[in-house]
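Chain by chain, the residues:
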Amino acid sequence: WQGHIKVHLHLSLTNHLFYLSDLCLLYSHNLFYLTLSSIINYMIISKLSSYWEQIEAVSSRLAMTDILAELLKEADVTEVDLVCYLSLGRLGPLFANTEFNLAEKMMVKAVAQAYDISQEIAREKFKSAGDIGSVVALLGDKTKDKGLTVYQVHSQLLSIATDSGAGSQERK
């Protein structure tokens, strides 16, 4: 679990009151980090996806390595692990065994529902594209870029993946 808790702290130093509203407590890999959120430069998910597109466009392993190195240089130290996991198509380390457990059929159904098209059309597009992400790209961006960060997207995906119990498949 990686959490992000915003803390409001009052400091009284030599009769002066300081109010830090951007103090954040981060918990990752069994360690707590106290940081100022205003100095954390969180990566926007659209920027991460543009790096992935660059990697897909090249065939040279050296070029891929250069792009990955540039990506990791731009990522904040608090989100490098998330960038790496998402780049590997995972939500965490292998030993955590965090999986979506959604069948292809459910993913096609979700895309059809999100884009208000029939499941048959979504299924045909999936068969021709071969990848659900490509289907979404072909259908176009339904929403404007909301400036979501890698951390926000990862948190939402982790929430979806860990949802369990009665009706969890439909909620996912």
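In case you missed it, the structure is sitting above this.
So, how was this worked out
- Residues numbered from 1 in each chain as written.
- Predicted model: local features only at pLDDT ≥ 70, side-chain atom pairs only at ≥ 80, totals over all residues.
- Heavy atoms only, no water.
- Helix = DSSP H or I, 4+ residues; strand = E, 2+ residues; numbered from the N terminus.
- Buried < 20%, exposed > 50% of the residue type's maximum accessible area, 1.4 Å probe, protein only.
- Contact = heavy atoms within 4.5 Å.
- Areas by Shrake-Rupley, 256 points an atom, 1.4 Å probe, with all protein chains shown as cover.
- Core = buried A, V, L, I, M, F, W, Y, C linked by side-chain atoms within 4.5 Å.
- Polar contact = N/O pair within 3.5 Å; in protein donor to acceptor, adjacent residues only side chain to side chain.
- Axes fitted to C-alpha atoms, helices over the stretch in contact; angles between N-to-C directions.
- Parallel < 35°, antiparallel > 145°, perpendicular 65-115°, else oblique.
- Left-handed = near helix turned anticlockwise from the far one by under 90°.
- Salt bridge = Lys/Arg side-chain N within 4 Å of Asp/Glu carboxyl O.

**Focus: the overall build of the protein**
Here comes step 1: Helix and strand counts for the protein come out as eight helices and three strands.
Here comes step 2: Ordered by position in the sequence, the α and β elements of the protein form the string β-β-β-α-α-α-α-α-α-α-α.
Here comes step 3: By the burial criterion, 27% of the 172 residues in the protein qualify as buried.
Here comes step 4: A separation of at least 24 residues holds for 47% of the contacts in the protein among residues at least 6 apart in sequence.
Here comes step 5: For the protein, the exposed area adds up to about 11800 Å²; of that, 58% sits on carbon and sulfur atoms.

**Re the environment of Leu148**
Here comes step 1: Mapped onto the secondary structure, Leu148 falls in the loop between α6 (132-139) and α7 (150-162).
Here comes step 2: For Leu148, a relative accessible area of 38% gives the class partly exposed.
Here comes step 3: If sequence neighbours within four positions are ignored, Leu148 has contacts with Met43, Ile44, Ile45 and Val153.

**Thoughts on the nonpolar core**
Here comes step 1: In terms of nonpolar packing, the biggest core is built from 17 residues, with Met43, Leu48, Leu71, Val83 and Val150 touching the most fellow members.
Here comes step 2: Among the elements of the structure, α1 (45-57), α2 (61-74), α3 (80-87) and α7 are those that each provide at least two residues to this core.
Here comes step 3: The leading source of residues in this core is α7, at five residues.
Here comes step 4: Val83 has contacts with Leu48, Leu71, Leu72, Ala75 and Val150, leaving out every residue within four places of it along the chain.
Here comes step 5: The next biggest cluster of nonpolar side chains, apart from the first, holds six residues, and it includes Val111, Ala112, Phe126 and Val135.

**Quick look at unusual backbone geometry**
Here comes step 1: Its identity as a non-glycine residue notwithstanding, Asp116 has a phi of 55°, on the positive side.
Here comes step 2: Along the polypeptide, Asp116 turns up in the loop between α4 (104-115) and α5 (119-129).
Here comes step 3: On the basis of relative accessibility, which here comes to 69%, the residue Asp116 falls in the exposed class.

**A few points about α6**
Here comes step 1: Where α6 begins, the side chain of Asp131 points an oxygen toward the backbone nitrogen of Ser134, at a separation of 3.1 Å.
Here comes step 2: After α6 finishes, the residue Gly140 shows a positive phi value of roughly 90°.

**Focus: the side chain of His154**
Here comes step 1: Examined against the element boundaries, His154 turns out to sit in helix α7.
Here comes step 2: Accessibility expressed as a relative area gives 4% for His154, which makes it buried.
Here comes step 3: Those residues in contact with His154 that sit more than four places away from it in its chain are Leu82, Leu86 and Leu91.

**Examining the packing of α3 against α7**
Angle between the axes and distance between the axes: these two values describe a pair of packed helices.
Here comes step 1: The N-to-C vectors of α3 and α7 enclose an angle of 60°; their axes lie 10 Å apart at closest approach. Viewed along their axes, α3 and α7 adopt a mutual orientation that is oblique. Relative to α7, α3 is oriented so that their crossing is left-handed. Along its contact with α3, which presents Leu82, Val83 and Leu86, the element α7 presents Val150, Tyr151, His154 and Leu157.

**Considerations on the environment of Val77**
Here comes step 1: As for its placement among the helices and strands, Val77 is situated in the loop between α2 and α3.
Here comes step 2: For the pair formed by Val77 and Tyr42, sequence separation is 35 residues and the distance between their alpha carbons is 9.4 Å.

**Overview of the pattern of salt bridges**
Here comes step 1: Scanning the model with the defined rule gives two salt bridges in all.
Here comes step 2: Residue Lys47 pairs with Glu74 through a salt bridge whose shortest N-O separation is 2.6 Å. Taken together, the residues Lys47 in helix α1 and Glu74 in helix α2 connect sequence positions 27 residues apart.

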